[in-house]
Amino acid sequence: MTVPLRLGLFVLGLVAVFAVSFGVGRLAGPAAPAETGHEMGPGPAGASGGGHASEGGHAGVDLPGGLQVAQHGYRLELLSSSLSTDDVRSLRLSVLGPDGTPVTSYTPTHDKDLHLILVRRDLSGFQHLHPELGPDGVWEVPVRVPAAGQYRVFADFQPAGRDEALTLGADLPAPGLYEPVPLPAPSKTATVDGYTVTLDGELVPGTSSPLTLTVTKDGVPVIDLEPYLSAYGHLVALRDGDLAYLHVHPDGHPGDGRTSPGPQIAFHIEVPSAGQYRLFLDFQHQGVVRTVAFTAVAGRP
């Protein structure tokens, strides 16, 4: 077979292959566009930071809060580069609005325009803080952390004119030797300063689960809890592994005629998935705010 003849047959073969491929492609329809990488956004009912994922999340899908730095046009901007274990330093941040400028007007939630949660990546060193807002839209709060490591900063807030609150998160390092501590074993009791808090109830993924926390001091029920941020208790839940965030408000409030000031504080919480969670309860008694922590398991261990 001559060289020109062989080349002609080769070209005819290529034409046939392309024709078949084109026909199959038309039968199968156009290819769907590739999905880009995304972060998870806020939202189970009963917790701050609810809403649909956007700006990097799947629209219409409710996901936990605090896992992304931006959502619905708002962005958390950390102005401090690190935290300190040696001395108290100012932690500075701002919330940028859809127009790219710092937000200066907020709707208060539980007496505060912004709740700032600071916790190390191993779920130790929890702090619930309330920064001061400057006229330039910069939030500032004095902070010292107990140990070196990577910390997660959660900003829980509701911009003025928006119906729902948002929870945005970003990481901030505390330089030094990082020695992670293991997550404490699940327990139904926690103690602080002579107070014992007992947890009753189970976390069920995807369901609003009732939890009751009972406060006693030296074995005596505490029946005179004091209002703190318009409630007798505040509960923050963080999922082990990715630190998905839930800020849960208690059932009832002081002065509503039906909510007693202890010894029990009732909550309903909907966790998004099975797994281990760290629960942090703030309560106030005799003028002092105290925090206890529990490890709880949702679903099968």
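In case you missed it, the structure is sitting above this.
The notes below deal with the structure included here. Worth saying up front: this structure is predicted, and the values here are computed from it rather than measured. (Residues numbered from 1 in each chain as written. Predicted model: local features only at pLDDT ≥ 70, side-chain atom pairs only at ≥ 80, totals over all residues. Heavy atoms only, no water.)

1. Brief notes about the overall build of the protein chain
Here is step 1: Across its full length, the protein chain holds 1 helix and 18 strands.
Here is step 2: Classification of the 301 residues of the protein chain by burial places 43% in the buried group.
Here is step 3: On the protein chain, roughly 14,800 Å² of surface is accessible, and the fraction owed to carbon and sulfur atoms is 57%. (Helix = DSSP H or I, 4+ residues; strand = E, 2+ residues; numbered from the N terminus. Buried < 20%, exposed > 50% of the residue type's maximum accessible area, 1.4 Å probe, protein only. Areas by Shrake-Rupley, 256 points an atom, 1.4 Å probe, with all protein chains shown as cover.)

2. Overview of the pairing of strand β11 (residues 195-200)
Here is step 1: Burial along β11 is one-sided: the residues Tyr-195, Val-197 and Leu-199 are buried and none of Thr-196, Thr-198 and Asp-200 is.
Here is step 2: Here strand β10 (residues 189-192) pairs with β11 via 4 bridges, running antiparallel. Bridge pairing in β11 links Val-192 to Tyr-195.
Here is step 3: Here β10 folds back onto β11 in antiparallel fashion, the turn holding 2 residues, of which Asp-193 has a positive phi close to 50 degrees.
Here is step 4: Looking at chain direction, β11 and strand β12 (residues 209-217) are connected through 6 bridges and run antiparallel. For Leu-199, the partnering residue across the bridge sits in β12 and is Leu-213. (Pairing = 2+ DSSP bridges.)

3. Some details on unusual backbone geometry
Here is step 1: The residue after Gly-262, namely Pro-263, is reached through a cis peptide bond having omega 0 degrees.
Here is step 2: Positionally, Pro-263 belongs in the loop between β15 (245-248) and β16 (264-269).
Here is step 3: At Leu-123, a position not held by glycine, the phi torsion is positive, near 70 degrees.
Here is step 4: Of note in this structure, Asp-193 is not a glycine but carries a positive phi near 50 degrees.
Here is step 5: With respect to the element layout, Asp-193 can be found in the loop between β10 and β11.
Here is step 6: Taking the relative accessible area as the measure of exposure, Asp-193 reaches 56% and is therefore exposed.

4. Focus: the packing of aromatic side chains
Here is step 1: Across all of its chains, the model carries 5 aromatic pairs by this definition.
Here is step 2: Measuring from centroid to centroid gives 4.1 Å for Phe-126 and Phe-280, while their planes differ by 5 degrees, and the two rings are stacked. Taken together, the residues span a long stretch of sequence, with Phe-126 in the loop between β4 (114-120) and β5 (127-129) and Phe-280 in strand β17 (residues 275-285) at a distance of 154 residues.
Here is step 3: With a relative accessible area of 15%, Phe-126 lands in the buried category.
Here is step 4: On the basis of relative accessibility, which here comes to 4%, the residue Phe-280 falls in the buried class.
Here is step 5: A connected cluster of aromatic rings, assembled from ring pairs, spans Tyr-106, Trp-139 and Phe-157. (Phe/Tyr/Trp six-rings, centres within 6.5 Å; stacked < 30°, edge-to-face > 60°.)

5. Considerations on the environment of Asp-163
Here is step 1: Structurally, the position occupied by Asp-163 is in the loop between β8 (149-157) and β9 (166-174).
Here is step 2: The exposure class assigned to Asp-163 is exposed, which follows from its relative accessible area of 76%.
Here is step 3: Residues Asp-163 and Thr-107, 56 residues apart in the sequence, show an inter-C-alpha distance of 9.3 Å.

6. Some points on the sheet that holds β9
Here is step 1: Reading across from one edge, β5-β4-β8-β9 is the order of the 4 strands in this open sheet, with antiparallel pairing throughout. Each having just a single partner strand, β5 and β9 make up the two edges of the open sheet. Neighbour-to-neighbour, the strand axes of the sheet open up by a mean angle of 20 degrees, direction not taken into account.
Here is step 2: In this structure, β8 lies alongside β9, joined through 9 bridges in antiparallel fashion. Opposite Asp-156, over in β9, you have Thr-167 as the bridge partner. (Axes fitted to C-alpha atoms, helices over the stretch in contact; angles between N-to-C directions.)

7. As for the sheet that holds strand β1 (residues 70-71)
Here is step 1: Pairing is antiparallel in the open sheet, where 5 strands are placed in the order β1-β2-β3-β7-β6. Of all the strands in the sheet, just β1 and β6 (132-133) have a single pairing partner and so form its edges.

8. Comments concerning the side chain of His-285
Here is step 1: Inspection of the secondary structure puts His-285 in strand β17.
Here is step 2: A distance of 2.6 Å separates the side chain of His-285 from the side chain of Tyr-195, its partner in a polar contact.
Here is step 3: Of the polar contacts made by the side chain of His-285, one reaches the side chain of Asp-224; its length is 2.7 Å.
Here is step 4: Excluding anything up to four places from it in sequence, His-285 contacts Tyr-195, Val-222, Asp-224, Leu-225, Glu-226 and Arg-290. (Polar contact = N/O pair within 3.5 Å; in protein donor to acceptor, adjacent residues only side chain to side chain. Contact = heavy atoms within 4.5 Å.)

9. Notes on the pairing of β8
Here is step 1: Across the 9 residues of β8, 8 count as buried, placing the element largely inside the fold.
Here is step 2: Here 7 bridges tie β4 to β8, and the two strands are oriented antiparallel to one another. When the sheet's bridge partners are listed, Leu-118 is paired in β8 with Val-153.

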